[in-house]
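# Summary of the model geometry
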Amino acid sequence: MKKAKTVYVCSECDYQSAKWMGRCPGCGSWNTFVEETYESESPAEKSSASRRQAMLARSAGEAEPQPLSSEALPDYLRRSTGIGEFDRVLGGGLVEGSVVLLSGEPGIGKSTLLLQICASLAADRKVLYVSGEESAAQISLRAKRLGIHGGGIYLLTETNVEKILSHAKKLGPDIIIVDSIQTMYHSESGTVPGSITQIRECAGVFINKAKSDGTSVILVGHVNKEGSIAGPKVLEHMVDTVLYFEGESRQNCRVIRAMKNRFGSTNELGVFEMTDAGLREVESPSELLLADRPEGVSGNCAVCVIEGTRPLVGELQALATPTVFPSPRRMSTGIDYNRVSLVLAVLEKRLGLRFSSSDVYINVIGGIKIDETASDAGMALAMISTIRDIPVPDDLICIGEIGLSGEVRAVSRIEQRIREGERLGFSKIAVPSRNLSKSKPQTKQETELIPIKTVFDLLKLLKSPKQ
Ligand SMILES: Nc1ncnc2c1ncn2[C@@H]1O[C@H](COP(=O)(O)OP(=O)(O)O)[C@@H](O)[C@H]1O
Ligand SMILES: [Mg+2]
């Protein structure tokens, strides 16, 4: 009988040790060691040998140096998945021979999205959907609910990667979808499925397959409780594209974001709405975000941020209530906490508003995250509105970055933001006066552009009692 061995592996850099350690000597990270039990001999030797093998397999076929300008260098082929929002985050479509890692919280809709992608890809390509989590009956039930007929989609419920590869060899699919990489196992790596070594080995096998014969692979990755991808950090380095699927599972809005993309920008967002019939693409996310706007309530303000190439109008809500704590609470959802503190500090110092005796809550509607400073002025206006209890006019949108001296700084691509605001029916657009100094952007006749220079100008934007 083989003797079981326990080693501790660093999830960041793969350093292995016989004892648990708080700090990894290899990469210096804290608290990254996880226990792994092996049934067989020397894991270090085995994993490094198999990695070497994988590297060799990838570079098999005698590479020769060749000039970069050479016509003979292959160009990569990009093909649409048929789902525009997914193509957008991938940088314009799925690249042949690329490996995409799609991760997200349980229940967010990863399997649903992938089944829909399968259906759309299967129109002209052969797709192999490998599921290690659900039975064929469960998947077929979901397909029925989504109205997918399944022609061209081959289903395989298997977790052994060697068997999956042999099936793939026979079938010759253009795309392989693996749901999820944490459930896969390689019989030669002696650990249990989901362990760091197993995830790395199995991912390596699929990556080799993709690089050797041009099959595109989409891997589903679980996230751990901190929200990062469960498994070794190297997994993110190994694949070509890392996508995060996020959103509030109670709300319908779902967003895909690229964290890494070897074939495109990482700024683009793909927006979907979860419906009974699956995920629906949202071409105009602003309309979804503004759908149930409360009217005439203090503390709300519309802002416009640019996500990738697309302007997005969303609503920021602020609520200030008298505190019962010695140090008041500050809470932010969907927006950087430090940015909230900075804007609060500027308003206290420059406008003399007393937030120090109030708890302040900031929330972005729709479960999206805003990380552009162009939302500062809107956030400041929402804060002023809540502390004064005077609403912001419903047809006003506020754009601008706030500096520490209370100045409103210029933002990029102002025309695009104004046009999006106009399209959604906002007739008052507050913009940094520094953006208007060189040239006045083109607007509709009925649009009122309100220049704002400092945070003092924000006070004038609140609804007057007559309105
Ligand atoms: N019968 C159903 N009717 C409507 N929505 C459903 C139904 N079953 C599942 N869903 C939705 O699909 C989500 C699960 O999606 P799924 O693709 O399995 O998530 P993941 O693969 O990310 O764990 C659920 O959170 C729920 O919102
Ligand atoms: Mg799933």
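Rules used in this analysis
Residues numbered from 1 in each chain as written. Chains lettered and ligands numbered in written order. Predicted model: local features only at pLDDT ≥ 70, side-chain atom pairs only at ≥ 80, totals over all residues. Heavy atoms only, no water. Near = heavy atom within 4 Å. Polar contact = N/O pair within 3.5 Å; in protein donor to acceptor, adjacent residues only side chain to side chain. Areas by Shrake-Rupley, 256 points an atom, 1.4 Å probe, with all protein chains shown as cover. Helix = DSSP H or I, 4+ residues; strand = E, 2+ residues; numbered from the N terminus. Nonpolar A, V, L, I, M, F, W, Y, C, P; charged D, E, K, R; others polar. Pairing = 2+ DSSP bridges. Axes fitted to C-alpha atoms, helices over the stretch in contact; angles between N-to-C directions. Contact = heavy atoms within 4.5 Å. Domains from an automatic or database assignment. Buried area = accessible area lost by both parts, 1.4 Å probe. Salt bridge = Lys/Arg side-chain N within 4 Å of Asp/Glu carboxyl O. Right-handed = clockwise from strand over helix to strand, strands pointing away. 1 Å grid on protein atoms, 1.4 Å probe; cavity = no way out; pocket = protein on both sides within 12 Å on 5 of 7 lines; lining within 4 Å. Points joined across faces, edges and corners; volume = space filled by probe spheres on them.

## What to know about the site of ligand 1
- The local shell around ligand 1 consists of Glu105, Pro106, Gly107, Ile108, Gly109, Lys110, Ser111, Thr112, Arg142, Arg145, Met274 and Asp276.
- Contact between ligand 1 and Arg142: an oxygen atom at 2.9 Å from a side-chain N or O atom of the residue.
- In the complex, the protein chains occlude 61% of the 570 Å² of accessible area that ligand 1 would expose alone.
- Mapped by element, the contributors of at least two residues to the shell around ligand 1 are helix H3 (110-121) and helix H4 (136-146).
- No other element matches the three residues that H3 contributes to the shell around ligand 1.
- The class makeup of the residues in the shell around ligand 1 is three nonpolar, four polar and five charged.

## Considerations on the sheet that holds strand S10 (residues 216-222)
- The nine strands are arranged S8-S7-S9-S10-S6-S11-S12-S13-S14 in an open sheet whose pairing can be described as mixed. Each having just a single partner strand, strand S8 (153-157) and strand S14 (278-281) make up the two edges of the open sheet. On average, adjacent strands in this sheet sit at an angle of 25° to one another, irrespective of strand direction.
- Bridging between strand S11 (residues 241-246) and strand S12 (residues 253-261) involves six bridges; their strand directions are antiparallel. Residue pairing for S12: Leu243 is matched across the bridge by Ala258.
- Taken strand by strand, helix H6 (residues 196-213) contacts strand S6 (99-104), strand S9 (175-179) and S10, and its axis lies near 160° from that of S10.

## Quick look at the domain arrangement of the protein
- In terms of domain boundaries, the protein breaks down into domain 1 (5-47), domain 2 (78-283) and domain 3 (288-459).
- Counting from both sides, the interface comprises 13 residues of domain 1 and, opposite them, twelve residues of domain 2.
- When the area that domain 1 buries against domain 2 is broken down by residue, the three leading residues are Ser11, Asp14 and Glu36, summing to 41%.
- For the interface between domain 1 and domain 2, the tally reads zero salt bridges.
- Counting across the domain 1 and domain 2 interface gives zero residue pairs in polar contact (both at pLDDT 80 or more).
- Residue assignment for the side of domain 1 that touches domain 2 shows that the elements contributing at least two residues are strand S1 (5-10), strand S3 (33-38) and helix H1 (43-58).
- Take the side of domain 1 that touches domain 2: its biggest share by element is four residues, from S3.
- Across the side of domain 1 that touches domain 2, the residue classes tally to four nonpolar, four polar and five charged.

## Regarding the pairing of S8
- Two elements, strand S7 (residues 127-131) and S8, share five bridges in a ladder whose sense is parallel. Bridging from a neighbouring strand, Tyr129 pairs with Leu155 of S8.
- Regarding the hand of the β-α-β motif, the stretch spanning S7, H4 and S8 is right-handed.

## Side note on the sheet that holds S1
- In space, the three strands of this open sheet follow the order S2-S1-S3, with antiparallel pairing throughout. The open sheet terminates on both sides in strands that have one partner only, identified here as strand S2 (16-17) and S3.
- With respect to the sheet, H6 is in contact with S1 and S3, its orientation differing from that of S3 by roughly 80°.

## Digging into the layout of surface pockets
- Estimated volume of the largest pocket: approximately 630 Å³.
- As for the largest pocket, its lining consists of 34 residues, of which Gly247, Glu248, Gly366, Gly367 and Ile368 are closest to the centre.
- Looking at the lining of the largest pocket, the elements that each hand over two or more residues are S11, S12, helix H8 (285-289), strand S16 (310-322) and strand S18 (358-364).
- The residue inventory of the lining of the largest pocket, partitioned by class, reads 13 nonpolar, eleven polar and ten charged.
- Counting contributing residues per domain, the lining of the largest pocket is built from domain 2 (78-283) and domain 3 (288-459), each supplying no fewer than three.

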